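Tertiary structure, described
Residues per chain are reported as follows:
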Amino acid sequence: MPAADGMVVFTASDKVKARRKATMEFITLNHPVDCGICDKAGECTLQDYHFEYNGGASVSRDAKTHATKHFDLSDRIVLDNERCIQCTRCVRFTREISKSNGLGMLDRGDHSIVRPSADGSFAKDAYSDNVIDLCPVGALLAKDFLHKARVWYLKATPSVCPGCERGCGVNLWHRKDEWMLRSPRQAARNDGLDRVTPIENPAVNGPWVCNKARDLPKLLGRVRAAGALFKGAPAPLEAAVLEARALIAEAKRPVAVVSSWASNEELAAFKAALGGRLALVAKRDHEPQPGEVVQDDLLIRADKNPNAAGVRAVLGECGTEVPKDADLVLVWGEGFDFRAVPASAKIVFLNAFLAPENGHADVFLPVSIQTERSGHYTNFAGVTSRFERCFALPPGVLHAEDLFGSLVGNGRGA
Amino acid sequence: MPGRQLIMDFEVTPTSHTLADYKARGGYETLVKALGMAPADITKEVTASGLLGHGGAAFPVGRKWGVMKPNPGEIHYLCANADEGEPGTFKDRWILEHAPHLLVESMLITSYALGVRHAFVYIRGEFDLPCRRIQGAVDEAYAAGLLGKPVPGSDFTLDIVVYRGAGSYVCGEASGLITSIEGRKPYPRNRPPRLTVKGLFQKPTVINNVESLANITGIIRMGAEEFRKVGTAKSPGTQLISISGHIAKPGVYEVEYGYSWAKFLDEDCGGMLHGAKMKCVVPGGISTKVLTRPEIENLTLSHESVNPAGSGLGSGGMIVIAEGTCMVRLLQVLLRFYHHESCGQCTPCREGMGWMHRIIDRIVAGEGLPEDIERLYAISHANDGTTICGMGDAAGFATVGILNKFRDEFEYWIANKRSKMDGRLECRA
Amino acid sequence: MRHLIPEFERMKERFPEGFDSSLVLPCLHRIQADRGYVAEEDIVGLCEYLSVPRIQVEEVLSYYTMLRREGIGKTHLQVCRNIACSMRGAEGVIEHACKRLGVKPGETTADGKFTLSTVECLGSCGTAPVLMVNDAYHENMTLEKLDALIADLSAGGGNS
């Protein structure tokens, strides 16, 4: 019965307590108690409720019923029908929120079983991974995170998804300091993201995020640019900064191609240091990839960059093309077509990831990624959200925010 | 016949279900009378008649109609619930097979009263002949210009769809029925909102049992005052009782409320099969609690007499059980049924039905534990009021009813690994 | 199912407007009557015809006991085993049918002539025990009547 005006609800009468305890008994009746190997353990609603409302051992003397295990719901999600308590939240999500109608509850009674629609609509659902969070038990699990870590080894750092100009609130999960992996074989995972979950924000994304956010560990986990370069040759970082400063100082018509993945803080630092000196061109660092949903009615926006609005707000309207007479181009971030640079112009390139273009620049400077700093993005609707730092700055890498001050001045001297 | 007849008041012949025969009996004359009345006056008359629903809950029909405020221009629906699936119940089938036009005329009158333009007869899929009969009657009514276009002499139009179910007990629950008509799994819905406020496709919908509707024509024809002269003050009219089990003359009987229960069994139904002694009786569908012969000795067939005895007339599906019948096996059959029919939406019913079924199977297999009886009680109680529809409750009532009265048979089987009654369900000569 | 669309269109006429989703069940009934079961191509065609999500049709097909996605024997014997029928000998009828046909409930005979099923209450308790031969009720069943029925059906007699 839904709540109504004037209704008095008893939530702790003896009768309510008894029924609640009994209902917990029903829910756990055929639920395997395999918490020891279940990824949901530690954040499982059923565990919490059992502890709070029942707490006792099962009174059943009958064997638990069996159902399908390790069912491939899609190439992203694995389903354990024995753990499933048939709450149908996942089914309702695909019916009411993502509207893919990708999941259903087949059969009836205690044989009811969650299955994907045979037309493959669940695999195409760009929001499918939300059912993993919605699942109150460990029935729906992400293949990417399967058996990767106990959740209590991880901490969640609040952040903003850079996948599009929506800027959904996300928690980035990574290992706690006290649970760092020690074996050399596994140590690399200490600096990586393990998983991403939404942060509910009614003004931006409600309680959901799309699958692109879930894949941030892959997007941000790409191989990094390890050090500064002079035309592809490794160079000391200090020397490279000085060289970049000299090139800018010597240029007559310098141009900056600004990253729309930059934070408001970085943009402000850029403006303060170099804003008056360089002509500005705004760049979309990322464009929709083949197969990616370009835009929809729920969350996904066509501009696949988190801070295009921030660029406009901080720097005003920028140009869209590099002027033909530019003699120096400072390129900040990914996604730039270097063919747009006049042949005679010098190139200073700031990038975080390993890319062939890095070696073509006159000066290449490796910069930090979002998880190595904190800052703000402003989304398409003007809502500014903060992201926090997850990891320390790797050696040999600069924060762009710190760098810009060093690029002001004359000549190659210190 | 036990008392006066309002529904089964004609001789069944090979053609008595046809439009021609029905008209010869005065059929569709009441429709003409009704169309001359103001719609609100029809509802008033039905409310005044005190007609109680015949689907099982005995909810006053007038009160249900009263919740739906006919609003010209707004869409309202009517559904006749012909998904007769409560074990032991087969009385709507009689109306569908033998008096389908009575249902059609009643639905026309009801629809006129409630501002309904489209009505449905939701009939269980297994009912082949009843389905053909009601479909035939609807088709005849279309051909006669009673359906599909304005009824001659009025501007009232009604379409009736005969909608076949496909094998599911919960479709007999009104909101499950509606969800089924919407083309989905028949998961029942939480109330409120009542179906008379938000029903089929979120429009106000009245769902009445076939027998309840079949009474409407009579009530309008004779008037509420005359109708109330039949039956008792608290249970006006008659009830179709479908009787089965260990009884000499099983079948459908129209019983005037207030008729002696013992007399009904002993005289009208010819007494027990093979002259056996009666052990107990399921009064109105298996979801009502069993009563022993001594308990019913002085009761009459009326709600005010049976309800205080801790049971109810329910859907009129009466099952008579002879001495010597094994109640453990009987409960096993019931729990298998409830397990099979639980839709799976609510946890207590979904898990509880399977659990009870496994426990009773284990007892019958000779592996029962003394604690099993308490467990069956506990599961029954835990289903009381915790599910969206009444199925979990009903299974609990049936189980508790049998355990309360025949606990010794369960204890015997658990202790001795065999039935106290030779495990028989049949009554042999 | 496409050849049935004209029939579906006529069926639609008596439904209120906007009730396409309601037609799922009647259409599945009609398809099954036509083919004996509901095939993959029927599901695809029906979803397209009624503009309903595929999963809705799959849920309905899997939920209701009368609908099936695979063919069965030529004659479907369904014996009621609910309370009233059990009290009048249904268990013996089922046992006898299993023995006569050499199958267990839920199975089809090797020659594809019979599929035997047990079902819950058919609403024929007054004439128990009852069994259905395809769509038709055969009431007050006895072992002798069952023998005669199976013999008749085996010989290719009428199927009801």
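Presented here is an overview of the structure given in this document. None of these values were measured; they are calculated from a predicted model.

**Here we look at the overall build of chain B**
Looking only at helices and strands, chain B features 16 helices and 11 strands. Whereas a compact globule of 429 residues would reach a radius of gyration of roughly 22 Å, chain B reaches 22 Å, a difference of no more than 12%. When the backbone C-alpha atoms are referred to their principal axes, chain B occupies close to 75 × 45 × 35 Å. Going through the 429 residues of chain B one by one, you find that 66% of them count as buried. Pairs at least 24 residues apart make up 72% of the contacts formed inside chain B by residues separated by at least 6 positions.

**What about the sheet that holds strand E2 (residues 114-119) of chain C?**
Residues and elements named next belong to chain C. Read across the sheet, 4 strands follow the order E2-E1-E3-E4 without closing on themselves; strand pairing throughout is mixed. Each edge of the open sheet is held by one strand with a lone partner, namely E2 and strand E4 (136-138). Adjacent strand axes in the sheet meet at a mean angle of 25° when their direction is disregarded. On the sheet, helix H7 (residues 143-154) packs against strand E1 (75-80), E2, strand E3 (131-133) and E4 and is oriented at approximately 10° with respect to E3.

**Description of the interface of chain C and chain B**
Of the residues lining the interface, 38 residues belong to chain C; the matching set on chain B comes to 64 residues. Interface area, chain C with chain B, both sides summed: about 4,100 Å², of which 60% is carbon and sulfur. Per-residue buried area on chain C facing chain B is highest for Arg14(C), Tyr63(C) and Met87(C); these three make up 20% of the total on that side. Counting across the chain C and chain B interface gives 4 salt bridges. Between Glu120(C) and Arg336(B) there is a salt bridge, with its nearest N and O atoms 3.5 Å apart.

**Some thoughts on the environment of Leu213(B)**
Take Leu213(B): it is sitting in helix H9 (residues 210-228). Setting aside chain neighbours within four positions, we find Leu213(B) in contact with Leu78(B), Ala80(B), Leu103(B), Ser106(B), Met107(B), Thr110(B) and Asn208(B).

**As for a nonpolar patch on the surface**
A cluster of nonpolar side chains, Met1(A), Met7(A) and Val9(A), forms an exposed patch at the surface whose accessible area comes to about 320 Å². Its place among the elements puts Met7(A) in the segment before helix H1 (14-29).

**Examining the interface of chain B and chain A**
With 33 residues of chain B at the interface, the matching set in chain A holds 26 residues. Counting the surface lost from both chain B and chain A, the interface buries some 2,300 Å², and carbon and sulfur atoms represent 51% of this. Here chain B and chain A share 5 salt bridges between them. The salt bridge partner of Glu371(B) is Arg61(A), with a shortest N-O separation of 3.3 Å. In this assembly, chain B and chain A are joined by 15 residue pairs in polar contact (both at pLDDT 80 or more). No other element matches the 10 residues that helix H14 (residues 347-367) of chain B contributes to the side of chain B that touches chain A.

**Looking at the pairing of strand E17 (residues 384-387) of chain A**
Residues and elements named next belong to chain A. The alternating pattern of E17 places Ser385 and Phe387 on a buried face and Thr384 and Arg386 on a face that is not buried. For strand E16 (residues 375-378) and E17, the ladder comprises 4 bridges, and the chain directions are antiparallel. The residue bridging Gly375 from the neighbouring strand is Phe387, located in E17. Hairpin connection of E16 to E17: 5 residues between the antiparallel strands, including Gly382 at a positive phi of 90°.

Cut-offs applied
Residues numbered from 1 in each chain as written. Chains lettered and ligands numbered in written order. Predicted model: local features only at pLDDT ≥ 70, side-chain atom pairs only at ≥ 80, totals over all residues. Heavy atoms only, no water. Helix = DSSP H or I, 4+ residues; strand = E, 2+ residues; numbered from the N terminus. Rg over C-alpha atoms; globule rule 2.2 N^0.38 Å. Buried < 20%, exposed > 50% of the residue type's maximum accessible area, 1.4 Å probe, protein only. Contact = heavy atoms within 4.5 Å. Pairing = 2+ DSSP bridges. Axes fitted to C-alpha atoms, helices over the stretch in contact; angles between N-to-C directions. Buried area = accessible area lost by both parts, 1.4 Å probe. Salt bridge = Lys/Arg side-chain N within 4 Å of Asp/Glu carboxyl O. Patch = residues over 30% accessible without salt bridge, like charges linked within 9 Å, V, L, I, M, F, W, Y side chains within 5 Å. Areas by Shrake-Rupley, 256 points an atom, 1.4 Å probe, with all protein chains shown as cover. Polar contact = N/O pair within 3.5 Å; in protein donor to acceptor, adjacent residues only side chain to side chain.

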